[in-house]
Amino acid sequence: MSSNLARTQAIHTISQRSPMDLGKTDPLSKIWACDVFNLARMEECLSKNAFKAMKKTFQTGAPLDPATADVVAAAMKEWAMSKGAKFFSHIFYPMTNATAEKHDGFIITSPEGNAITDFSGSLLIKGEPDGSSFPNGSIRATNSARGYTAWDPTSPAYIMHTANGATLMIPCVFLSWTGEALDKKIPLLRSNAAMNSAAQRVLKLMGETDVATLNSSCGAEQEYFLIDEAFATARPDILLSGRSLFGAPPAKGQQFDDHYFGAIPERVQVYMQDIEDKLYRLGIPAKTHHNEVAPGQFEIAPYFEAANIAADHQQLLMTIMKTTAKAHGFLCMLHEKPFAGVNGSGKHVNWSVGNSTQGNLLDPGNTPEDNLHFLAFCGAVIRGVHQFGPLLRAVIASASNDHRLGANEAPPAILSVYLGDQLEKVFQDIKDGKILKTDKGGKMDLGLSQILHFDRDPGDRNRTSPFAFTGNRFEFRAVGSSQSVSGPLIAMNTMLADSLNWIADKLEAELNAGKDVASATLAVLKTLMEQHGNAVFGGNGYSPEWHKAAVEERGLKNLPTSADALPELLSPEVAGLFERTGVLTPAELHSRFEVYAEQYINSIDVEAKLMVNMATTMIYPAAVTYLSELSATAANLQELGITLDNAVAQNVAAEANALMVAVGKLSEARAKHDFDGAQDHMRFLADTVRGLMTEVRAHADTLETLIADEMWPLPKYSEMLFIK
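Rules of the game
- Residues numbered from 1 in each chain as written.
- Predicted model: local features only at pLDDT ≥ 70, side-chain atom pairs only at ≥ 80, totals over all residues.
- Heavy atoms only, no water.
- Helix = DSSP H or I, 4+ residues; strand = E, 2+ residues; numbered from the N terminus.
- Rg over C-alpha atoms; globule rule 2.2 N^0.38 Å.
- Buried < 20%, exposed > 50% of the residue type's maximum accessible area, 1.4 Å probe, protein only.
- Contact = heavy atoms within 4.5 Å.
- Arc of directions from axis to C-beta.
- Axes fitted to C-alpha atoms, helices over the stretch in contact; angles between N-to-C directions.
- Parallel < 35°, antiparallel > 145°, perpendicular 65-115°, else oblique.
- Left-handed = near helix turned anticlockwise from the far one by under 90°.
- Nonpolar A, V, L, I, M, F, W, Y, C, P; charged D, E, K, R; others polar.
- Core = buried A, V, L, I, M, F, W, Y, C linked by side-chain atoms within 4.5 Å.
- 1 Å grid on protein atoms, 1.4 Å probe; cavity = no way out; pocket = protein on both sides within 12 Å on 5 of 7 lines; lining within 4 Å.
- Points joined across faces, edges and corners; volume = space filled by probe spheres on them.
- Polar contact = N/O pair within 3.5 Å; in protein donor to acceptor, adjacent residues only side chain to side chain.
- Pairing = 2+ DSSP bridges.
- pLDDT = per-residue confidence, 0-100.
- Salt bridge = Lys/Arg side-chain N within 4 Å of Asp/Glu carboxyl O.
- Expected span 1.5 Å × (residues − 1).

A closer look at the overall build of the chain
And then number 1: In terms of regular secondary structure, the chain is built from 22 helices and 21 strands.
And then number 2: In terms of overall size, the chain behaves like a compact globule, its C-alpha atoms giving a radius of gyration of 28 Å where 724 residues would be expected to give roughly 27 Å.
And then number 3: In the chain, which comprises 724 residues, the proportion classed as buried is 53%.
And then number 4: Long-range contacts, defined as pairs at least 24 residues apart, comprise 75% of the intrachain contacts of the chain with a sequence gap of at least 6.

Have a look at this one:
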């Protein structure tokens with residue numbers, strides 16, 4: 001029997017792999033943020049007045065004088081050129097979860113023909129990419145193409161190095177000539193401003209006189225898979241769709257629970273260390289890395305940062321992960337479900353709110369019932385999740401994330417809040433009109449003298465909750481691994497702003513009625529819990545009982561697919577939320593629905609087209625070739641008087657025929673184009689095409705278990721998932 005050359009060569013290549021030699025690495029103190037034009041660098045490079053203005057803008061969002069921009073541009077150029085940069089780029093984030101760059105040189109020519117380096121404040125402040133060439137949801141037409149990038153001085157510029165040089169990268173917003181946001185950064189900045197304004201109202205009503213600018217913060221735990229690039233090049237599905245459209249479960253997967261927090265393979269450890277050195281140079285505080293649950297799956301988690309910077313850093317992190325993987329002979333897979341039958345990947349977004357004067361407002365302190373600030377802000381989150389749960393589901397909707405949500409590996413598609421036993425009791429007591437002192441978690445005593453006693457947390461963790469309180473922050477666990485964190489942050493900041501304004505209105509009325517701050521706050525929270533307490537749930541979010549009770553008894557929405565979730569962006573409730581907070585205009589919100597719907601439709605169409613092509617040109621021919629080999633072998637043996645059982649051949653033939661019947665149905669479904677708009681098209685893909693794809697895959701995966709190993713054309717799960 002002939003072997004499959006591509007797969008055989010991949011296996012041979014991988015057997016020769018060894019960890020990359022990174023040489024001696026520099027200490028953290030030497031490399032930390034060395035390629036970032038941050039406040040420390042500005043203080044060295046700018047005049048005292050210019051630095052003072054930049055610091056105020058950076059910390060509070062105060063407007064910057066154009067004259068100061070000229071000073072900053074000159075200093076930024078000199079610093080970048082000292083790092084070897086000849087080019088600068090406005091870097092921005094369109095509505096597609098991608099990163100976009102436009103590079104220009106620090107150069108003009110003189111009349112004498114000499115080259116002169118040039119970088120003015122006007123070049124720093126504004127760039128001009130094509131506003132109609134990015135998905136814009138009908139905001140810009142092809143004949144109305146002008147768009148602008150504009151410098152965001154609250155996110156520091158940095159240097160990106162390549163083997164041949166360096167480029168100054170300038171974080172920017174992206175907007176149309178008519179002023180609409182075409183990106184994820186503008187609404188993120190607006191949402192933070194709306195949250196700050198509402199939080200200031202609440203805190204001042206509660207008696208605070210010194211209230212610094214508030215900011216949301218984010219720490220995103222990034223999960224990912226690594227496979228050897230030699231395998232990836234033999235898998236068209238992985239290269240073009242980001243996941244394996246075919247693949248039978250291996251004999252060993254994750255059932256032994258032996259991968260999570262296990263010893264990290266040496267090649268992967270070196271890769272992680274290389275990533276982290278690059279991140280440290282860019283001021284990205286990578287804090288943790290480890291093996292995840294599935295074989296071949298890993299996680300990297302940075303420390304908390306201000307939301308805007310964290311969002312920029314997350315995009316940069318994903319870029320560095322993918323480019324560095326290539327240098328180490330890996331493919332870094334950020335798809336939410338790259339391999340069927342093993343856990344997929346998420347990006348748990350840890351989110352909190354605070355400032356320099358009141359601190360973290362989602363920290364309950366020693367006893368939450370004595371911390372009115374915390375109770376007010378935590379209550380605002382509860383109301384926000386109850387009121388706008390469908391929005392939270394919509395902002396994490398994608399064709400790839402649909403594979404995770406609702407399964408027993410990721411939070412369900414019903415949005416609820418987990419508080420933990422102690423905190424849930426506090427809010428229940430408030431709802432019941434009583435306040436009881438709560439016990440702390442107590443000391444953890446193992447009865448071993450050599451193990452120090454430590455404080456037990458007052459509440460357990462709930463991995464089945466999509467939105468869980470984890471001690472001093474909320475963790476939005478349903479975000480997909482390939483997604484930008486900006487969308488979730490925008491939704492959380494905006495719903496919090498709306499709820500804080502609701503609390504402020506109610507609190508003002510209670511105070512005007514003569515109540516003291518504590519009594520007024522508790523009265524407002526009692527009303528809040530009576531109206532919105534149905535969002536609080538501490539049980540098993542995977543259980544069928546919860547799914548039934550959540551919908552039928554609590555009135556929560558179950559939105560299992562993107563086709564269900566994305567239309568929620570068009571609801572009057574969501575439109576009203578964004579309009580009254582000033583975060584998105586109706587046109588900007590509608591554009592996001594159009595872009596996300598188009599991304600969903602295109603993703604599934606690409607996968608379906610790939611599936612038809614691979615089944616027809618790779619899998620079916622392998623089955624026919626194997627049948628031919630079996631037939632020839634059986635005929636030769638028959639001449640010797642030996643008869644073989646032909647059950648295997650019959651099974652292969654039956655599955656091959658069934659495969660092509662399923663492929664025909666999928667091809668016919670792909671040809672359908674008479675849809676009544678994007679919602680109708682998404683519904684058809686979710687309800688019909690996805691099912692047909694599952695049918696094609698089932699037959700192909702069965703064939704993988706029947707056809708001789710050496711004749712199977714695609715690298716198998718057992719080869720790809722266990723890194724050597």
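The discussion continues.
Section: the environment of Gln-222
And then number 1: Here Gln-222 shows up in strand E10 (residues 215-228).
And then number 2: The spacing of Gln-222 and Ala-698 is 476 residues in sequence and 30 Å in space, taken between C-alpha atoms.

Describing the environment of Ala-698
And then number 1: Examined against the element boundaries, Ala-698 turns out to sit in helix H21 (residues 678-706).
And then number 2: Overall, Ala-698 belongs to the partly exposed group, its relative accessible area being 43%.

Considerations on helix H1 (residues 5-15)
And then number 1: Considered for burial, the residues of H1 that qualify are Arg-7, Ala-10 and Ile-14. Mapping the buried residues of H1 onto a view down its axis gives an arc of 60°, with all of them on the same face. In H1, the exposed positions angled more than 90 degrees off the buried face are occupied by Leu-5 and His-12.
And then number 2: Those residues of H1 that are buried are in contact with E10, helix H8 (229-232) and helix H22 (717-720).

What about the packing of helix H10 (residues 266-281) against helix H11 (residues 307-327)?
Relative placement of two packed helices is described by the angle separating their axes and the distance separating the axes.
And then number 1: The geometry of H10 relative to H11 is characterised by a closest axis approach of 10 Å and an angle of 135° between their N-to-C directions. The angle between the axes of H10 and H11 places the two elements in the oblique class. Viewed along their axes, H10 and H11 form a crossing whose handedness is right-handed. Two secondary-structure elements touch here, H10 through Tyr-271, Asp-274, Ile-275, Lys-278 and Leu-279 and H11 through Leu-317, Ile-320, Met-321, Thr-324 and Ala-325.
And then number 2: Class assignment of the residues belonging to the contact of H10 with H11 gives a composition of seven nonpolar, one polar and two charged.

Some points on the nonpolar core
A general trend in soluble globular proteins is that nonpolar side chains are found buried together.
And then number 1: Residues Phe-246, Leu-419, Phe-467, Phe-474 and Phe-476 are the most contacted members of the largest nonpolar core, which totals 125 residues.
And then number 2: Per-element tally for this core: the top contributor is helix H19 (residues 586-639), with 18 residues.
And then number 3: When sequence neighbours within four positions are dropped, the list of residues in contact with Phe-476 reads Lys-347, His-348, Val-349, Leu-392, Ile-396, Leu-415, Pro-466, Phe-467, Pro-488 and Met-492.
And then number 4: If you look at the next biggest cluster of nonpolar residues, it comprises 29 residues, including Val-36, Ile-91, Val-268 and Ala-286.

Looking at the layout of surface pockets
And then number 1: Computed from the structure, the largest pocket encloses a volume of approximately 1,300 Å³.
And then number 2: Forming the walls of the largest pocket are 49 residues, and the residues nearest its centre are Thr-96, Asn-97, Ser-400, Ser-482 and Gln-599.
And then number 3: The dominant element in the lining of the largest pocket, judged by the number of residues it contributes, is H19, at nine residues.
And then number 4: Around the second largest pocket sit 38 residues that line it, and Thr-57, Phe-58, Thr-60, Gly-61 and Thr-154 are the ones nearest its centre.
And then number 5: Elements with a contribution of two residues or more to the lining of the second largest pocket: helix H4 (48-60), helix H5 (66-82), helix H7 (185-205), E10, H11, strand E15 (347-355) and strand E16 (359-360).
And then number 6: The dominant element in the lining of the second largest pocket, judged by the number of residues it contributes, is H7, at five residues.
And then number 7: A breakdown of the residues in the lining of the second largest pocket according to their chemical character gives 18 nonpolar, 18 polar and two charged.

Section: the side chain of Thr-581
And then number 1: Looking at the element boundaries, Thr-581 is found in helix H18 (residues 572-581).
And then number 2: For Thr-581, a relative accessible area of 16% corresponds to the buried category.
And then number 3: Polar contacts involving the side chain of Thr-581 include one to the main-chain carbonyl oxygen of Leu-577, which spans 2.7 Å.
And then number 4: A distance of 3.3 Å separates a polar side-chain atom of Thr-581 from the backbone oxygen of Phe-578.
And then number 5: Sequence-distant contacts of Thr-581, that is, excluding residues within four places in its chain, are made with Ala-194, Thr-494, Ala-497 and Asp-498.

Some words on the pairing of strand E7 (residues 147-151)
And then number 1: Most of E7 is tucked away, with four of its five residues classed as buried.
And then number 2: Pairing between E7 and strand E9 (residues 165-176): five bridges, direction antiparallel. Among the inter-strand pairings, Trp-151 is bridged to a residue of E9, identified as Cys-172.

A closer look at the confidence of the model for the chain
And then number 1: Looking at the chain, the pLDDT average stands at 89 and 94% of residues meet or exceed 70.
And then number 2: Counting interchain partners and residues more than four positions distant, the pLDDT-below-50 stretch residues 444-448 has five contacts.

Considerations on the pattern of salt bridges
And then number 1: For the coordinates displayed, the defined rule picks out 34 salt bridges.
And then number 2: With its nearest N and O atoms 3.9 Å apart, the salt bridge here joins Lys-278 to Asp-274. One end of the pair, Lys-278, and the other, Asp-274, are both in helix H10, four residues apart, so they sit about a helical turn from each other.
And then number 3: The exposure class assigned to Lys-278 is partly exposed, which follows from its relative accessible area of 34%.
And then number 4: Because the salt bridges share partners, they merge into one network encompassing Arg-7, Asp-709, Lys-716 and Glu-719.

Remarks on helix H14 (residues 486-512)
And then number 1: The terminal C-alpha atoms of H14, which comprises 27 residues, lie 38 Å apart, in line with the 39 Å expected from a rise of 1.5 Å per residue.
And then number 2: The buried fraction of H14 amounts to 19 of the 27 residues, a majority that puts the element mostly inside the structure.

A closer look at unusual backbone geometry
And then number 1: Unusually for a residue other than glycine, Ala-33 sits at a positive phi of about 55°.
And then number 2: Relative to the assigned elements, Ala-33 resides in the loop between helix H2 (28-31) and strand E1 (36-37).
And then number 3: With phi around 75°, Asn-97 is a residue other than glycine that occupies positive phi space.
And then number 4: Note that Asn-97 resides in the loop between strand E2 (85-92) and strand E3 (100-105).

Observations regarding the pairing of E15
And then number 1: For E15, the tally of buried residues reaches nine of nine residues, placing the bulk of the element in the interior.
And then number 2: Note: E15 against strand E21 (residues 474-476), three bridges, orientation antiparallel. Within E21, the position partnered with Asn-350 by the bridge is Glu-475.
And then number 3: As paired elements, E15 and E16 share two bridges and run antiparallel to each other. The residue bridging Gly-354 from the neighbouring strand is Asn-360, located in E16.
And then number 4: Between the antiparallel neighbours E15 and E16 lie three residues.

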